Amino acid sequence: MRIDGRTPEQARPISIETNFVRTAAGSCLIATGNTRVICTASVEDSVPPFLKGKGQGWITAEYAMLPASTGSRKKRDGIKKDGRSVEIQRLIGRSLRQAVDLTKLGERTITLDCDVLEADGGTRTASITGAMVALTLAIARLMSEGKLVYSPIVHQVAAVSVGVVGDTPCCDLCYLEDSKAQVDMNLVMNEKGEFIELQGTGEGRAFTAEELTTLLSYGKKGIEDLMAAQKAALGDAARFICAKPPLVVASGNLHKIRELQHIFGEYYTVVPMTAAGFTGNIEETATTFAGNAAIKAETVCAATGLPVLADDSGLTVEALDGEPGVYSARYAMMNGEGEGDKDNNNLLLRRMKGRTRRGCAFECAIALARPGEETLIAEGSCPGVLLEEERGTGGFGYDPLFLYEPLNKTFAEVNEEEKNAVSHRAKACEKMLAIMAGLNQA
């Protein structure tokens, strides 16, 4: 047993209190045993001179031990920091830059300040672990303010100390253990178990390959536990860590956006075009669903520089030679009879009055536009019967008139799960998902 009663592989208890400093963009108070560190993240809309005009951001850090953090008063750092503080803040900055795709951060700097309230060993590793939490909260704020479309955090990062005390490999050394350790080592890792930094020194003696293997095993388990604590403290904000790749929807139709989020949300962070900064009008001048979908996707892609998904869909009625077709959304308006779903449905019912041939189909074309790449198209169709009066209160557009015979329900009567299993959009999306999966594998 160790000084504080732990087993060799056991880390100290950890607690993380988020939003500890209300004026910071992100902050936490992290405690590992008796070591306590305040970590804050501050955001500036500028970058160091060597990065100006390069379209990327920067992560940097500062570290300090407050005067009463140790048994005897530590003098405050002056203009020139002591060598140990400089070494540690460089380590923190290097480690946290590995967490972020700086090209996705934009030209802004996030400074991570780590101030040690109480030092009982492992202050640098606790600072890295806490700084990851503060950084994530700062990114979450930028997202909520609309300054970022999607999270640039590509890795979760945490750190722990390990060492050989006497002849025993141990995890997460307290100060008394650290001060007499034969071997001292700090591990910084990401969520994949990859090393970001590994600092190991034989302080009292050299160490064996077997001891190193044990230390790495203890450290890996300790970091896994720290990452679980980070996510628990972050709560909902944890979703910004290793976020799914972005996919913009070129539409302002909330019903359509929700459908696409439901279908693609397992694989992508699906956001409406307004969230990506596009608020312009798009002229749909093509005579086919595929053509209009491509126009929308390519227009928004060119404006945002992001991959964009767009669909064009509508109802085709056999007895009306395919009307309303690509003009489904503005069917009544083009005929001078109002605008909106209700007017569209009323016009269609009048034109179909007395007709016995009532076969119809919902058609959909999905386009994926990517910067510098060829636009990809997938299409889907769902056959049905056009009713003589509306049924159901859900859905949108022509859904109340469209009877899906296998269920004997209109699309306004089915639930979201039922509709997404059989709809024209679902079929086109299924084909597009297969295409996108092929792109990812390539």
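Parameters and conventions
Residues numbered from 1 in each chain as written. Predicted model: local features only at pLDDT ≥ 70, side-chain atom pairs only at ≥ 80, totals over all residues. Heavy atoms only, no water. 1 Å grid on protein atoms, 1.4 Å probe; cavity = no way out; pocket = protein on both sides within 12 Å on 5 of 7 lines; lining within 4 Å. Points joined across faces, edges and corners; volume = space filled by probe spheres on them. Helix = DSSP H or I, 4+ residues; strand = E, 2+ residues; numbered from the N terminus. Nonpolar A, V, L, I, M, F, W, Y, C, P; charged D, E, K, R; others polar. Buried < 20%, exposed > 50% of the residue type's maximum accessible area, 1.4 Å probe, protein only. Contact = heavy atoms within 4.5 Å.

Enquirer: What should I look at first to understand empty space enclosed by the protein in this one?
Expert: A probe as big as a water molecule, rolled over the atoms, marks out the empty space that is left. Tallied over the full model, the rule gives 1 cavity of 30 Å³ or more. Estimates place the volume of the largest cavity at around 90 Å³. Thr32, Ala159, Val160, Asp172 and Leu226 are, among the 15 residues lining the largest cavity, the residues nearest its centre. Secondary-structure elements contributing two or more residues to the lining of the largest cavity are α3 (123-144), β6 (157-165) and α5 (209-234). When grouped by side-chain class, the residues that make up the lining of the largest cavity number 6 nonpolar, 7 polar and 2 charged.

Enquirer: Would you mind showing me how to read the environment of glycine 33 here?
Expert: Assignment of secondary structure puts glycine 33 in the loop between β2 (26-32) and β3 (35-44). A relative accessible area of 31% means that glycine 33 is categorised as partly exposed. In sequence terms glycine 33 and leucine 66 are 33 residues apart; their C-alpha atoms lie 18 Å from each other. When neighbours within four sequence positions are excluded, glycine 33 is seen to be in contact with Arg12 and Pro13.

Enquirer: How should I be thinking about the layout of surface pockets in this particular structure?
Expert: Considering only enclosed or pocket space, the largest pocket measures out at about 850 Å³ in volume. What lines the largest pocket is a set of 31 residues, and nearest its centre among them are Asn253, Lys256, Glu284, Lys296 and Ala329. At 4 residues, the largest contribution of residues to the lining of the largest pocket is made by strand β12 (residues 308-317). In terms of residue class, the lining of the largest pocket is made up of 10 nonpolar, 12 polar and 9 charged. Empty space within the second largest pocket amounts to approximately 470 Å³. Along its surface, the second largest pocket is lined by 24 residues, and Arg84, Gly121, Gly122, Arg124 and Asp178 are the ones closest to its centre.

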